[in-house]
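# Breakdown of the fold
The chain contents come next:
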Amino acid sequence: MPDAAPTEDLARRAAAGDGAALEELLTEIRPELLRRCGRFLPCREDAEEAAQDVLLQITRKIDTFEGRSRFSTWLYTVVANCCRQKYRELKRRAAEHPAAIEPERYVDPRTTSVIAGSRIDLLEALDRLEREHPHLVAPLVYRDICQLEYAEAAERAGIPLGTLKSRLHEARRQVRPWLAAGS
């Protein structure tokens, strides 16, 4: 995050209805949003679209930021939800309108980023985990993807620390074979 103190102050003022503070906040966090969205979505254009969705969500829902946790923690939730929604939308669109791959746009798997592939596998695993064990998604997203500290992840998920650790362990246990199968 950019300098945390001014960002926190801007977020509190924006949540209280200060439109100028909201504009300044959005401008300040825009570069960081793109980086965070890029952690979820391997294609830059998709990450940019998700970042725009995050900015819209912040604009619409900043009044729900109560300041009990850090703004960056609140923001992680918005980023994770928007990126996962964008992925589901892209997946649905691709299923509805499969496009023929033009020879010049064919991606050679020998030169494709392993990281990009692993992110797609992770998004697939998160999608499956959400269908099969929805209560395990938040701990995995907050701790392993957003890289929040355990206490902060528990606070954001609204569960006790021990419960977070237990759910995180179970989420990792569930997801591990799905990720191994995708590689």
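As the structure is a prediction and not an experimental result, all values here were calculated from the model.

The next point concerns the overall build of the chain. Secondary structure assignment for the chain yields eight helices and zero strands. Its helices and strands in sequence order give the chain the pattern α-α-α-α-α-α-α-α, from N to C terminus. If you take every contact in the chain between residues at least 6 apart in sequence, the share linking residues at least 24 apart comes to 65%.

It is worth spelling out the environment of Ala20 at this point. For Ala20, the location among the structural elements is in helix α2 (residues 19–40). With ten residues separating them in the primary sequence, Ala20 and Leu10 have C-alpha atoms 9.1 Å apart.

Take the pattern of salt bridges next. This structure, assessed with the given rule, holds 16 salt bridges. Residues Arg35 and Glu32 are paired through a salt bridge, measuring 2.5 Å at the closest nitrogen-oxygen approach. Linking Arg35 with Glu32, this pair stays in helix α2, spanning three residues, or about one helical turn. Judged by its relative accessible area of 42%, Arg35 falls in the partly exposed class. On the basis of relative accessible area, Glu32 is assigned to the buried category, the value being 12%. One salt-bridge network, in which partners are shared between bridges, spans Arg84, Arg88, Asp127, Glu130 and Arg131.

On to the environment of Ala5, then. Mapped onto the elements, Ala5 comes out in helix α1 (residues 4–15). A relative accessible area of 52% places Ala5 in the exposed class.

Further remarks concern α2. Here α2 spans 30 Å end to end across 22 residues, near enough to the 32 Å set by a 1.5 Å rise per residue. At Arg30, α2 shows its strongest bend, of approximately 45 degrees, with the proline Pro31 following within four residues. For α2, the N-terminal cap is Asp18; the gap from its side-chain oxygen to the backbone nitrogen of Ala20 is 3.1 Å.

Attention now moves to the packing of aromatic side chains. Taken as a whole and assessed by the stated rule, the structure comprises three aromatic pairs. A network of ring pairs unites the aromatic residues Phe65, Phe71 and Trp74 as a single cluster. Here Arg36 stacks its cationic end above the ring of Tyr76, 3.9 Å away from the centre of that ring. Over the aromatic face of Tyr150 sits the side chain of Arg143, whose NZ or CZ is 4.1 Å from the ring centroid.

Bringing the nonpolar core into the picture now. Leu33, Phe40, Val54, Ile58, Ile62 and Phe71 are the most contacted members of the largest nonpolar core, which has 51 residues in total. The element that contributes the greatest number of residues to this core is helix α4 (residues 71–96), accounting for ten residues. Apart from the residues within four sequence positions on either side, Leu33 is in contact with Ala51, Val54, Leu55, Ile58, Leu75 and Val79.

Reading the values: rules and limits
Residues numbered from 1 in each chain as written. Predicted model: local features only at pLDDT ≥ 70, side-chain atom pairs only at ≥ 80, totals over all residues. Heavy atoms only, no water. Helix = DSSP H or I, 4+ residues; strand = E, 2+ residues; numbered from the N terminus. Contact = heavy atoms within 4.5 Å. Salt bridge = Lys/Arg side-chain N within 4 Å of Asp/Glu carboxyl O. Buried < 20%, exposed > 50% of the residue type's maximum accessible area, 1.4 Å probe, protein only. Expected span 1.5 Å × (residues − 1). Bend = angle between axes of the 7 residues up to and from the residue. Polar contact = N/O pair within 3.5 Å; in protein donor to acceptor, adjacent residues only side chain to side chain. Phe/Tyr/Trp six-rings, centres within 6.5 Å; stacked < 30°, edge-to-face > 60°. Lys NZ or Arg CZ within 6 Å of the ring centre and 35° of its normal. Core = buried A, V, L, I, M, F, W, Y, C linked by side-chain atoms within 4.5 Å.

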